[in-house]
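Structural overview for review
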Amino acid sequence: MFFYLIGLAISLAAGLWFVLKPPHNKKWIYLFLSAGGAFLMTIIFTHILPELFERIPNEAGYFLLAGFLIQILLENYSRGIEHGHSHTANSSKVLYVSYLALCIHAIIEGMPMASVLFDSTSVFHEQLTVGIMLHKIPVAITLAMLLSKSGIQKKQSTIWIIGFILCTVIGSSIQYIIGETTGEGAADIMFMSLGLTIGILLHVSTTILFESSNHHRLSPSRIAVIAIGIVTGLLA
């Protein structure tokens, strides 16, 4: 629970920081995204996927694919906020749709983290929580940048950031309620939602890592933070 609450608090603080007094140098955000993406991809392949296929071997592949496809669909509307893009919205409608897609992403992402708040059914729930929170911090910042570029007032932007953060808690609560009503099948349902989330995170993390810079080459600094993220994931 510690990593869950601290991660949400830092994500909220980071988002509000960029709403109220954004710094001039924002290049480090993309390095942070790359490190988080590398960490996520590492724990997914080395920790989460083996456990997922052990617990629900017949269904795991279908839920991973579903999650991957859901993220492709959501990204058509969120305009890539999940991996650091903050394209200015052309209209209020576009902004609302982008925000809704991002909130759906956050709700699904929060569902398997119910295990860290309540009775854990996953061996690697803490590593997954850390990975998701490392991803959520720069996403909150990117959302704040998008709201600022779109001319949204600071007070309203603050409400939007808080709403985005709460979506993770909503997702965890939904998963908990489902688990309470299904009884003995709660563990399997938890791993099904985990499969959806991992499918989403596989899409996001690989997009972050393989979105290259100029001339399709990674900068030395980006290679360094990716290496740090991978090593940290292996040691987790």
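Our structure's up above, just so we're on the same page.
Just so you know, these numbers come straight off a predicted model, no measurement behind them.

With that settled, the discussion passes to helix H8 (residues 186-210). Helix length check: H8, at 25 residues, gives a terminal C-alpha distance of 36 Å against a target of 36 Å (1.5 Å per residue), a fit within 8%. With 18 of its 25 residues buried, H8 lies for the most part within the structure.

Attention now moves to the packing of aromatic side chains. Applying the stated criterion across every chain yields a total of 5 aromatic pairs. Ring geometry for Trp 17 and Phe 18: centres 5.0 Å apart, planes at 75 degrees, overall edge-to-face. Judged by relative accessible area, which is 40%, Trp 17 ranks as partly exposed. Exposure remark for Phe 18: the relative accessible area of 1% places this residue in the buried category. On the basis of an interplanar angle of 35 degrees and a centroid distance of 5.6 Å, the ring pair of Tyr 96 and Trp 160 is categorised as tilted. You can see Tyr 96 sitting in helix H4 (residues 92-110) and its partner Trp 160 sitting in helix H7 (residues 154-182), a full 64 residues away along the chain. For Trp 160, a relative accessible area of 9% gives the class buried. Grouping aromatic residues by their ring pairs yields a cluster made of Trp 17, Phe 18 and Trp 28.

Our next topic: the nonpolar core. With 46 residues, the main nonpolar core has Leu 52, Phe 164 and Ile 198 as its most contacted residues. For this core, the elements supplying multiple residues, two or more each, are helix H1 (2-20), helix H2 (27-55), helix H3 (60-78), H4, helix H6 (125-149), H7 and H8. In terms of residue count, the dominant contributor to this core is H6 (12 residues). If sequence neighbours within four positions are ignored, Ile 198 has contacts with Ile 44, Ile 48, Leu 49, Leu 64 and Leu 128. Leu 33, Ile 200, Val 204 and Ile 208 belong to the second-largest nonpolar core, a separate cluster that totals 5 residues.

Below, the discussion takes up the pattern of salt bridges. A full pass over the atoms with the stated rule returns 1 salt bridge. Across the pair Glu 109 and Lys 136 runs a salt bridge whose closest N-O atoms are separated by 3.3 Å. Taken together, the residues Glu 109 in helix H4 and Lys 136 in helix H6 connect sequence positions 27 residues apart. Pair check on accessibility: Glu 109 and Lys 136 agree, each one buried.

Take the environment of Lys 21 next. Within the secondary structure, Lys 21 is located in the loop between H1 and H2. For Lys 21, a relative accessible area of 65% gives the class exposed. Lys 21 sits 133 residues away from Lys 154 along the chain, and the two C-alpha atoms are 9.9 Å apart.

Conventions we followed
- Residues numbered from 1 in each chain as written.
- Predicted model: local features only at pLDDT ≥ 70, side-chain atom pairs only at ≥ 80, totals over all residues.
- Heavy atoms only, no water.
- Helix = DSSP H or I, 4+ residues; strand = E, 2+ residues; numbered from the N terminus.
- Expected span 1.5 Å × (residues − 1).
- Buried < 20%, exposed > 50% of the residue type's maximum accessible area, 1.4 Å probe, protein only.
- Phe/Tyr/Trp six-rings, centres within 6.5 Å; stacked < 30°, edge-to-face > 60°.
- Core = buried A, V, L, I, M, F, W, Y, C linked by side-chain atoms within 4.5 Å.
- Contact = heavy atoms within 4.5 Å.
- Salt bridge = Lys/Arg side-chain N within 4 Å of Asp/Glu carboxyl O.

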